[in-house]
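So the chains spell out like this:
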Amino acid sequence: MIKYLKCFSLLASVLLCYNCNEDKTKEEIDIIQKIEKEQENQTPPLFTYLKPSGTNISFSNDIVETDNFNIITYEYLYNGGGVAVGDINNDGLDDIYFTGNTVSNKLYLNQGNFSFKDITQSAKVDGGKGFKTGVTMADVNNDGLLDIYVCKSVSTQDELRKNLLYINNGDLTFTEKAEAYGLADTGYSVQAYFFDSDGDNDLDVYVLNHPKNLKEANVVKITQNENGKISPAVPSDFTNLSNRFYENRVHTFFDSSEAAGILNDAFSLSAVIGDFNNDFKPDIYVCNDYIKPDRLLINKGNNRFEDKIEDYFSHTSFSSMGSDLADINNDGNPDLLTLDMAPNKNYRRKMMMMMQNYDKFQKMVNYNYGTQYASNILNINNGNGSFSDISFLNNVAQTEWSWSVLLSDIDNDGFKDIHVTNG
Amino acid sequence: MKLKVLILFITVLLCSCKEVTKHNTQVFQTSDLNHANTVLLEAVMEDAFTPPVASRMYAYAHLAHYSTLQSLRQDSLAEITTKINGLEDFKVSRQNEVNPELASLFAFSNVGKKLIYSEHFFDVLIDSLKTRAELLGLSEATIKNSENYALEISEQMSNWIDKDMYSETRTYPRFTSTKKPENWRETPPDYANGLEPYWDKIRPMVIDSANVFDYKSLPEYSTDRDSDFYKMVYQVYEAVNNKTEDTEKTAWFWDCNPIMTVHKGHMVTTIHKFTPPGHWLNIVHQVASKEKSDYFTTANAYTLTSMAMFDAIIAAWHVKYKTDLVRPVTFIQENIDSEWTPVLQTPPFPEYTSGHSATSASAAEILSHIFGDNYTFTDNTQLRFGLEERKFNSFREAANQVNLSRFYGGIHYMQGVEEGARQGRNIANLILKKLQ
C-alpha cells in the first residue's frame, strides 16, 4: 500500500512539474537559471557544525539555579566557564580542555579526523571542588609540554577558590602543583594570562581577579589621600580583591603585584596582552566592569607597569566585558576592540541603560574614573601613542549585550573579521 | 408549608416597604474615612511619589474632604477653608438632598484622582462608595446629588490647586550641585539630582511664606578636627560605628523611604514604603480606630495633620536649598573614613533641616492638640514591611524618636534633626493659632 502511495506521489509531482514547466515563460526560465548559477558560484559556509555523536565531545556547562544561588543573588553566574585548545601530547593535533562552573572539567584528546577521547579521569584534571572559571594552556615550567592553569571563583571558602596548576607529566597525566609553584591564588579569579613580561624567556602570569562586594560596584569612592587631596579611595588591604602579577623565578612564581604597580579593586572581566606603544615590551589592557575605568598597563621593563589609560584613550567602554587586540587596518599597529552592553535597538538600549547623570559623570571624570560610555569601542591605533574610537563609523558600537570578541581573518581575505558572542 | 409561605410573605412585605434612609443621616463612619485615607496612601506608595509631592496629595485630598463636610455640617466642624492661602473666596451653592459624608468622600476621591498616576485606585474607591451608599439605604437621587455637589467643590479645589506653582516648578532647571566641599553633592548609590530644589516656591497652605522659621546658623565648614563642624559630623560617624540592634531598628522603623534602591552589580531593585507624612497619616488612622473617634474628629485630625506636614516640608525645603549643606556620607567618606556607609540610604537633597523631623514634629503637635499631650499609642505601620510595632507614650515622644532615627541612620547631623523638629513644632503652632 505504502509503495503504491509513493508511486502515486512521484507520479503526481512529475506531472505537476511538467505542468509548471509548460506554463513558464522564457523570461522566468532565464531568472531561474540565473539564480541557480549564482548559487553554484556562492562559496559554501565557512563553518560546519560537527555533532557530538561524531566528535565524542559531549561537555555541557550546566548550571542549576537554587533559591539561594541564582542570577539575582550572583550577577556573574552566567559569565561562563572557559575553554583552552592546545596540543598536550605534541602529536600535532590540538586537544581541548573545558572548565565547568559547577560540573567536572573535561579534557578531550584529539585522535584525528575530528574525533576526540575524554581522558579527564586518567589525566586527573577534573578541576576538583569549587566554581571553576577561566582556563589557560601554557608551558608554565618550560619543559616543552603544555600545562593547564584553571581559575576559581565564587566560593566563600578560600580553599575552594585556590586556582589549580596541572603540570603535564608527558604521559597524558597531570599533577596539580599550584601551591608548589606559588600560583594557588585565592582571589575571585576570572582568567590567567601567561606571557613573558621581562623578556627572560620564561612565562610570567597576570591573573584577573575581582572583589566580591557587588553592592559597591557602581560607587565613586573618594577620600583624602596622604597629601590631603580628595582622590579615589585606595583599599587598605588588597587580599582577594585585586588582579595579581606573578613573576616566574625558575620553577616558582613570586607575587610581585605591589612592586609591579598593578594592584586594583575593580571588577576585571578580560584582558589582552600586546605591544600598545611599539617598544617591544608586552603591555596589558584590562577591561573593568561597572564604574571602575579600564586600565592600560604600560610595561616599563623589569616587571614594572604604569596605568596610562588616560594618555592613550580619550574614552573607554563603561561596563567593559570582552576585548581583543588585532591589526584591523593592516598598518602594522594592533587595534583594540572592547565590548559593552549596548543594544542597537532604541527601546532595548533604554531598558539596559545604567542610571547616569551629568553630576555623576562629572564626578567620575574629576576623580580619575575616566570618561566612560556604554558602547563597544573600536580603537584604531594611530601608531603615535594615541588611539581613535571609530566604532560608530563602522557599525560595531552597538551589538546587544555582548560578552566576548574574537578578531580573526575567518575567510582568509587578508582582513580581520569580528566575532561577537551575545547573551 | 404554611409557615414557609408566611415567611415568604413577610419577607416580600418587608422588602417592599423598606424605608429609604434620610439624605443627611450620617451613614458613613470613621472606618470609611480611614479606608479612603488608606487608598490614598497605597496609591501614593504604588506611584513612589517623593515626600514633598506626596505631602501635597495628602493635604489637598483631605482638605477637599474637610471643606465639603464642613459646608454641609457647619455645627460639627470649624470653618477653615477661607483661611487657607488662595481659598479666601471659597463658596458653595446650596444643595438639596446631599449626604454630607458621601459628598465629602467623593470630593476626596476626585482630588486624589486628579493628583495621582494610578487613577484606578480612586475609580475603585468611587465605585465602592456608591455601592455602599446604596446598601446603606441612600436614595439614587441623594447619591447623584452628592456626586454633583462633590464635583462642584472638586472643580473649585482643582482651580485652586492648579495655581500652587507645582506645574510651573516642574519646568524649572534641574539642580546641579556646586561641587564645593561644604555644599550638598549627589550621594551614593544613585547619585540622583537634588530633589525638588524649588519646593519653597510652592504656595504654603496656612503659613505666610516658606521663610517663617528662623533657623539656627550652622557651624562654619571645616575639616579641622577641632572645629565645631568636624565635631558635628564626627558625632554621626561615631553613632553609626557604635550602632546597636536597637539603634538600627529605630533607624529602619522611621526610614519611610518611598523608593529605596538596592544596587547589586548592574541590577537595581526598588522597595516602596510609606513616605514620612504617609506614615503619620497611618498613625492617625490607628489612633482614630482605637479611640473610636467620631467622623468629625477624625476628619479634623487628618486634615490639620496633613496640612501642617505640607507646610513644614515647604519650610524645611526652603532651608535645605538655602543652606545647601553637605550630607554626612560625603564628608565622612572624603575626610574621615572612605569605607564608612550610613545605615539608611541618604536621600537626594541637602541635609539642613531634616524634613522627616519637621514633618513628624508638626504632626505630633497637631495630634497632641487633638488627642492629648500624653496619649499612649502603638504604631504597627511597619509590620507589613517586616519590622516590629512600637509603643509610644505621646506623639511628641514618637517625633523625638524620629530625630534620633535619622541621626542613628547616619543621614543627618544632630543639629539638622533638632532644628527640623523645632521648625515643625513652630509651624504646627502657627497653623493652630491661625485656624482657631
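Not measured: the values here are computed from a predicted model.

S.K.: I tried to follow the overall build of chain B on my own but got confused; where do I start?
M.R.: Each helix and strand in chain B was counted, giving 15 helices and four strands. Dimensions of chain B along its principal axes, counting C-alpha atoms only, are 95 × 55 × 45 Å. Classification of the 436 residues of chain B by burial places 58% in the buried group. For chain B, the proportion of contacts with a sequence separation of at least 24, taken over those separated by at least 6, is 80%.

S.K.: Before we go on, may I ask you to explain the pairing of strand β20 (residues 323–326) of chain A in this structure?
M.R.: Side-chain positions along a regular strand alternate between the two faces of the sheet. Residue and element names in this part refer to chain A. Side-chain alternation along β20 places Ser323 and Leu325 on one buried face and Asp324 and Ala326 on a second face that is also buried. Pairing of β20 with strand β21 (residues 335–338) involves four bridges; the strand directions are antiparallel. Bridging from a neighbouring strand, Ser323 pairs with Thr338 of β21.

S.K.: What am I meant to see in the sheet that holds strand β3 (residues 106–110) of chain A here?
M.R.: Two orientations exist for strands paired in a sheet by backbone hydrogen bonds: parallel and antiparallel. All names here are of chain A. A sheet is described by the order of its strands in space; here four strands give the open sequence β1-β2-β3-β4, paired in antiparallel fashion. If you trace the sheet from one side to the other, it starts and ends with β1 (82–86) and β4 (116–118), each paired once. Here the strands of the sheet are splayed against their neighbours by 20 degrees on average, with no regard to which way each runs. Bridging between strand β2 (residues 95–99) and β3 involves three bridges; their strand directions are antiparallel. Across the sheet, Phe98 pairs through a bridge with Lys106, a residue of β3.

S.K.: Mind showing me how you'd approach the interface of chain B and chain A here?
M.R.: Taken together, the 24 residues of chain B in the interface contact 29 residues of chain A. A combined buried area of about 2400 Å² lies between chain B and chain A, and 52% of that area is made up of carbon and sulfur atoms. Counting the contacts that link chain B with chain A gives two salt bridges. Inspection of the region where chain B meets chain A yields 15 residue pairs in polar contact (both at pLDDT 80 or more). For the side of chain B that touches chain A, the elements supplying multiple residues, two or more each, are β1 (260–264), β2 (267–271) and α12 (328–335) of chain B. It is α12 of chain B that contributes the most residues to the side of chain B that touches chain A, three residues altogether. Of the residues contributing to the side of chain B that touches chain A, the split by class is six nonpolar, eleven polar and seven charged.

S.K.: When you look at the nonpolar core in this model, what are you seeing that I'm missing?
M.R.: Buried together is how nonpolar side chains tend to be arranged in soluble globular proteins. All names here are of chain B. Of all hydrophobic cores here, the largest spans 104 residues; its most connected members are Met205, Trp280 and Phe395. Here this core takes 17 residues from helix α11 (residues 295–323), the largest share from any one element. Here this core spans two domains, since at least three of its residues come from each of domain 1 (23–160) and domain 2 (219–435). Setting aside residues up to four positions removed in sequence, Phe395 forms contacts with Trp280, Ile283, Val287, Ala364, Leu367, Ser368, Phe371, Gly372, Tyr375 and Phe377. Counting 24 residues, the second-largest nonpolar core is a separate cluster that includes Tyr230, Ala251, Phe331 and Met414.

S.K.: Before we go on, may I ask you to explain the sheet that holds strand β13 (residues 244–248) of chain A in this structure?
M.R.: Residue and element names in this part refer to chain A. What the four strands build is an open sheet, ordered β9-β10-β13-β14; its pairing is antiparallel. Strands with a single pairing partner mark the edges of an open sheet, and in this sheet they are β9 (188–195) and β14 (253–255). Averaged over all pairs of adjacent strands, the angle between strand axes in this sheet comes to 25 degrees, irrespective of strand direction. In this sheet, strand β10 (residues 204–210) lies alongside β9 in antiparallel orientation, the contact comprising seven bridges. Paired with Ser189 across the strands is Asn209, a residue of β10.

S.K.: Help me understand the packing of helix α10 (residues 276–291) of chain B against helix α14 (residues 395–408) of chain B in this model?
M.R.: Packed helix pairs are characterised by how far apart their axes lie and by the angle those axes make with each other. Residue and element names in this part refer to chain B. At a minimum axis separation of 13 Å, α10 and α14 run at an interaxial angle of 155 degrees. Judged by the angle between their axes, α10 and α14 are roughly antiparallel. As for the relative orientation of α10 and α14, their crossing is right-handed in sense. Between α10, through Trp280, Ile283 and Val287, and α14, the contact on the second element is made entirely by Phe395, Ala398 and Ala399.

S.K.: Just to check I follow, could you spell out the state of the cysteines for this structure?
M.R.: Here, the word disulfide means a covalent bond between the sulfur atoms of two cysteines. All names here are of chain A. Tallied over the entire structure, the rule returns zero disulfides over all chains. Cysteine Cys151 is unpaired, with the sulfur of Cys287 as its nearest cysteine sulfur at 16 Å. With a relative accessible area of 0%, Cys287 lands in the buried category.

S.K.: Which parts of the structure should I look at to understand the domain arrangement of chain B?
M.R.: Interfaces are often described in size by the accessible area the parts lose on coming together. Residues and elements named next belong to chain B. Along its sequence, chain B is carved into domain 1 (23–160) and domain 2 (219–435). Between the C-alpha centres of domain 1 and domain 2 there is a distance of 29 Å. Taken together, the 37 residues of domain 1 in the interface contact 33 residues of domain 2. Contact between domain 1 and domain 2 buries roughly 3000 Å² in total, counting both sides, with carbon and sulfur atoms accounting for 70%. The largest share of the area that domain 1 buries against domain 2 comes from Asn34, Met45 and Pro51, three residues that together contribute 19% of it. At the junction of domain 1 with domain 2, the criterion picks out one salt bridge. Across the pair Arg384 and Glu42 runs a salt bridge, and its minimum N-O distance is 2.6 Å.

S.K.: What exactly am I supposed to notice about the packing of aromatic side chains here?
M.R.: Geometrically, a pair of aromatic rings is defined through the distance of the ring centres and the angle of the planes. Counted under the stated rule, the structure contains 48 aromatic pairs over all chains. Ring geometry for Tyr312 of chain A and Phe387 of chain A: centres 6.4 Å apart, planes at 45 degrees, overall tilted. Here Tyr312 of chain A is found in helix α7 (residues 309–312), whereas its partner Phe387 of chain A is found in strand β25 (residues 387–389), with 75 residues between them in sequence. No difference in accessibility class separates Tyr312 of chain A from Phe387 of chain A, as the two residues are buried. Following the ring pairs from residue to residue traces out a cluster consisting of Tyr221, Phe229, Tyr230, Tyr234, Tyr237, Phe331, Trp340 and Tyr413 of chain B.

S.K.: Teacher, can you tell me more about unusual backbone geometry here?
M.R.: For residues that are not glycine, phi is negative in most cases, and the peptide bond is trans in most cases. Between Pro188 of chain B and the following residue, Pro189 of chain B, the backbone shows a cis peptide bond with an omega angle of 5 degrees. Along the chain, Tyr352 of chain B connects to Thr353 of chain B via a cis peptide bond; the corresponding omega equals -5 degrees. Within the fold, Thr353 of chain B resides in the loop between α12 and α13 (355–371). Non-glycine residue Asn368 of chain A carries a positive phi angle of around 60 degrees.

S.K.: Before we go on, may I ask you to explain the layout of surface pockets in this structure?
M.R.: All names here are of chain A. Of the pockets and cavities examined, the largest pocket occupies roughly 1300 Å³. Every residue lining the largest pocket is counted, 37 residues in all, and those nearest its centre are Asn79, Gly81, Gly82, Gln191 and Ser404. Only β1, β5 (131–138), β9, β15 (268–274), β20, β26 (400–408) and β27 (417–422) provide two or more residues apiece to the lining of the largest pocket. Tallied by class, residues from the lining of the largest pocket come to 18 nonpolar, 18 polar and one charged.

S.K.: Just checking my understanding: could you explain the pattern of salt bridges for this structure?
M.R.: Between side chains of opposite charge, pairing is possible as soon as their charged atoms come close. Using the criterion set out here, one finds 33 salt bridges over all chains in the structure. In this structure, Glu334 of chain B engages Arg185 of chain B in a salt bridge whose closest nitrogen and oxygen atoms are separated by 2.8 Å. Highlighted residues: Glu334 of chain B in helix α12 and Arg185 of chain B in the loop between α7 (166–170) and α8 (228–241), separated in sequence by 149 residues. You can call Glu334 of chain B buried: its relative accessible area is 4%. A relative accessible area of 7% means that Arg185 of chain B is categorised as buried. Here the salt bridges do not stand alone but share partners, grouping Lys300, Glu306, Lys308 and Asp311 of chain A into one network.

S.K.: Sorry, what's going on with a nonpolar patch on the surface here?
M.R.: Residues and elements named next belong to chain A. A cluster of nonpolar side chains, contributed by Leu46, Phe47 and Ile410, occupies part of the molecular surface with about 320 Å² of accessible area. Inspection of the secondary structure assignment puts Phe47 in the loop between α2 (26–41) and α3 (52–55). Looking at Phe47, the relative accessible area reads 63%, which means it is exposed.

S.K.: Sorry if this is basic, but what is going on with the side chain of Asn248 of chain A here?
M.R.: One can find Asn248 of chain A in strand β13. A polar contact is formed between the side chain of Asn248 of chain A and the backbone nitrogen of Val250 of chain A, at a distance of 3.3 Å.

Analysis parameters
- Residues numbered from 1 in each chain as written.
- Chains lettered and ligands numbered in written order.
- Predicted model: local features only at pLDDT ≥ 70, side-chain atom pairs only at ≥ 80, totals over all residues.
- Heavy atoms only, no water.
- Helix = DSSP H or I, 4+ residues; strand = E, 2+ residues; numbered from the N terminus.
- Buried < 20%, exposed > 50% of the residue type's maximum accessible area, 1.4 Å probe, protein only.
- Contact = heavy atoms within 4.5 Å.
- Pairing = 2+ DSSP bridges.
- Axes fitted to C-alpha atoms, helices over the stretch in contact; angles between N-to-C directions.
- Buried area = accessible area lost by both parts, 1.4 Å probe.
- Salt bridge = Lys/Arg side-chain N within 4 Å of Asp/Glu carboxyl O.
- Polar contact = N/O pair within 3.5 Å; in protein donor to acceptor, adjacent residues only side chain to side chain.
- Nonpolar A, V, L, I, M, F, W, Y, C, P; charged D, E, K, R; others polar.
- Core = buried A, V, L, I, M, F, W, Y, C linked by side-chain atoms within 4.5 Å.
- Domains from an automatic or database assignment.
- Parallel < 35°, antiparallel > 145°, perpendicular 65-115°, else oblique.
- Left-handed = near helix turned anticlockwise from the far one by under 90°.
- Disulfide = S-S within 2.5 Å.
- Phe/Tyr/Trp six-rings, centres within 6.5 Å; stacked < 30°, edge-to-face > 60°.
- 1 Å grid on protein atoms, 1.4 Å probe; cavity = no way out; pocket = protein on both sides within 12 Å on 5 of 7 lines; lining within 4 Å.
- Points joined across faces, edges and corners; volume = space filled by probe spheres on them.
- Patch = residues over 30% accessible without salt bridge, like charges linked within 9 Å, V, L, I, M, F, W, Y side chains within 5 Å.
- Areas by Shrake-Rupley, 256 points an atom, 1.4 Å probe, with all protein chains shown as cover.

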